[in-house]
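Next come the chains, spelled out residue by residue.
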Amino acid sequence: MSLEYKNLRDKISGSARSNAELEQYYLNTSEEYRKHVDLSVFQHHFSQNSPSSFLWHDYEGGGIHATISPSTQFAAVRTDENLNVVDIPIDVLCKPPLDNLIHPEAALLTGLSPMRLLRDGLQEHDFFRIIYNEMIIPNTCSAGYNSLSYDDEMTRAGFFRNLFPMYKREFSNGNSRWDIFPVLMAYFATRPAGITFPLNDSGEPSLKLEDLAKANGILQESAHNALDDVYALIGLCKLLKSSNKKLWDHLYYRRTKKPVIEDVNKAMAKGQPMLHISGYAGKSNYCMQLIKPIGFSQAKGGNNTLIAIKLDDTLPSWTALSLIEAESLLYAEKEEVNALGKSRPGIVSIKVNKCPILLPASITNDSEVHKKIGFNKSVPDKLREWQPFIDPASTLARAILNKEADLKVPPYIDTALYSYGFPSDSDDWAMVENTSLTSEEYMDKNCQYSAPHLQQLHIKKLIALGSNAVDESTLNKHKELSRERILEPKDKRASLSDVLDSLEGLVAENDKQQSILDDYDDYLSHIDKRLNLTT
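Calculation criteria
- Residues numbered from 1 in each chain as written.
- Predicted model: local features only at pLDDT ≥ 70, side-chain atom pairs only at ≥ 80, totals over all residues.
- Heavy atoms only, no water.
- Axes fitted to C-alpha atoms, helices over the stretch in contact; angles between N-to-C directions.
- Helix = DSSP H or I, 4+ residues; strand = E, 2+ residues; numbered from the N terminus.
- Parallel < 35°, antiparallel > 145°, perpendicular 65-115°, else oblique.
- Left-handed = near helix turned anticlockwise from the far one by under 90°.
- Contact = heavy atoms within 4.5 Å.
- Nonpolar A, V, L, I, M, F, W, Y, C, P; charged D, E, K, R; others polar.
- 1 Å grid on protein atoms, 1.4 Å probe; cavity = no way out; pocket = protein on both sides within 12 Å on 5 of 7 lines; lining within 4 Å.
- Points joined across faces, edges and corners; volume = space filled by probe spheres on them.
- Phe/Tyr/Trp six-rings, centres within 6.5 Å; stacked < 30°, edge-to-face > 60°.
- Buried < 20%, exposed > 50% of the residue type's maximum accessible area, 1.4 Å probe, protein only.
- Lys NZ or Arg CZ within 6 Å of the ring centre and 35° of its normal.
- Pairing = 2+ DSSP bridges.

> What exactly am I supposed to notice about the packing of helix H7 (residues 124–135) against helix H8 (residues 151–161) here?
A packed helix pair is summarised by two numbers, namely the angle formed by the two axes and the spacing between the axes. At a minimum axis separation of 10 Å, H7 and H8 run at an interaxial angle of 120°. The angle between H7 and H8 falls in the class oblique. The hand of the H7/H8 crossing is left-handed. Note on element contacts: H8 touches H7 through Met154, Thr155, Gly158, Phe159 and Arg161, opposite Glu124, Phe128, Ile131, Tyr132 and Met135. A per-class count over the contact of H7 with H8 returns six nonpolar, two polar and two charged.

See the structure below:
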């Protein structure tokens, strides 16, 4: 968020202003601001009381695991609800930590050398502080592409490591989040007119952002550059909205769980199925499956989990299974299920707080949708055919998904976000205060958290920031643990041997890639000097 945008919200929003007055405010902004924001857009946006906006964003990371891999880049563009830019774009880099290596393949993919990140990146505290203060602006919808699977997890994990509130930006002050990937799948399944879905090398429709952008004439200078990806996403959203605004508005309204739960309760009250749009259904099924919602999980913390059964012709094959057999097949690998000659039980769990797309089954009356779903009869006729199997299927689903989950506690405290409950009021308030502090100011703050795991994170953070307030014994223990994370990690982060093996097998395709690979000698030497890896 530019200082200008913040000041403009504070000065202008909530008070009646004429277009002439707003024009004067606009003319007093910087040339950089006016380069990105049009006058008419500015006037419309700031004429509203606490204007709503999207924060389109994208991360690049040093690996494939969002909650474990180091964040390397964040970019965002704020737009109004009509997808017009209302602020200067954000593009920031993050210094990599000593105890979490950047995988060479990730560096080549993003074009971000670890040495460049060490030189130009912000301290992780300052990096995520910028992100938090963007996302927490009232009436902000933080949105991305496949963001709930990757970007949102990276956001939560980064906020947790840096002792910022993990969830407030998702629901407080009219805030929300949205993932355009399932939205795109809904268009693909039900309303594809006006959108070109290119084929990949396997002859299947590609739902990759870079392929969709190219096929639909959307400018994207460099895929896997966070800011270019954001602009490509905004272009795709403009195409989706213009091709079918009714569907866009329908899905946007249901980005939060309340209207989703209302839709589900209505369907259950009437005994009606719903059309679930999900990548798990497979592109061969146009990412859609007919389901029957049967209730919400009664397991601890399961109130956001909808239990449903998939309605298809595999129902008779698994409803006669024992509970043990059904549960075993449900969680088995695909190859194991196929080797047994069995069908995986069509038991579905849907997180209603993760922007699921659940459409009324009546949409299958559309001839094209009905053709795609592959039924040889109408949905009511198929329901009558499956009716004898629905009750036993529902009984199995409830028995399995109402069980308490056996959650494994991650081996390292800074990746254990979901292993602890919500912070106490005092800790929560301290975390809110942290978001107003620079990394230097944080080091000077005398923090004491009531939760032991938060206090441990605080000590780890002080060490990462180079504070002198940590005793030598604690420093030595931290260094030993950091060496373990590099040499023999207990989670899925890249080890030193993984990085060295990757470097040995990679071949640069151009001078820039060769420069990145060459930088790894200096990068690994930098870590070795601080952790004494070779001693």
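Here the narrative resumes, following the displayed structure.
> Mind showing me how you'd approach the layout of surface pockets here?
Empty space among the atoms becomes apparent when a probe as large as a water molecule is rolled across them. Of the pockets and cavities examined, the second largest pocket occupies roughly 770 Å³. If you go around the second largest pocket, you meet 32 residues; those closest to its centre are Pro97, Leu98, Asp99, Ala464 and Leu465. Residue assignment for the lining of the second largest pocket shows that the elements contributing at least two residues are H7, helix H22 (452–465), helix H23 (472–487) and helix H25 (511–531). Here the lining of the second largest pocket gets six residues from one element, more than from any other, and that element is H22. Residues belonging to the lining of the second largest pocket are distributed by class as follows: 12 nonpolar, 10 polar and 10 charged.

> It is not clear to me how the packing of aromatic side chains should be interpreted in this structure. Could you clarify?
Describing an aromatic ring pair means giving the distance of the ring centres and the angle of the ring planes. All chains considered together, the criterion is met by 22 aromatic pairs. A centroid spacing of 6.1 Å and a plane angle of 85° characterise the contact between Phe128 and Phe159, whose relative ring orientation is edge-to-face. Taken together, the residues span a long stretch of sequence, with Phe128 in helix H7 and Phe159 in helix H8 at a distance of 31 residues. Overall, the relative accessible area of 0% leaves Phe128 in the buried class. Aromatic side chains Tyr132 and Phe159 sit 5.4 Å apart centroid to centroid with 70° between the ring planes, which places their arrangement in the edge-to-face category. Here the residue Tyr132 occupies a position in helix H7, and Phe159 occupies one in helix H8, the gap between them amounting to 27 residues. Overall, the relative accessible area of 3% leaves Tyr132 in the buried class. Site record: aromatic cluster; members linked through ring pairs are Tyr59, Phe74, Phe127, Phe128, Tyr132, Phe159 and Phe164. When the ring centre of Tyr252 is taken as origin, the NZ or CZ atom of Arg255, which lies over that ring, is 4.0 Å away. Geometry around Tyr442 places Lys461 over its ring, the cationic atom sitting 4.0 Å from the centre.

> Whenever I open this one, the sheet that holds strand S10 (residues 357–360) confuses me. Can you help?
Note: strands within a sheet are paired through backbone hydrogen bonds, in either parallel or antiparallel orientation. A sheet is described by the order of its strands in space; here five strands give the open sequence S9-S8-S7-S6-S10, paired in antiparallel fashion. Among the strands making up the open sheet, the edge pair consists of strand S9 (347–351) and S10. Strand-to-strand, the axes of this sheet are offset by a mean angle of 45°, without reference to chain direction. Bridging between strand S7 (residues 288–296) and strand S8 (residues 305–310) involves five bridges; their strand directions are antiparallel. Looking at S8, one finds that Gly295 is bridged to Ile307. Against the sheet, helix H10 (residues 180–190) contacts strand S6 (274–277), S7 and S10, and its axis sits at roughly 125° relative to S6.

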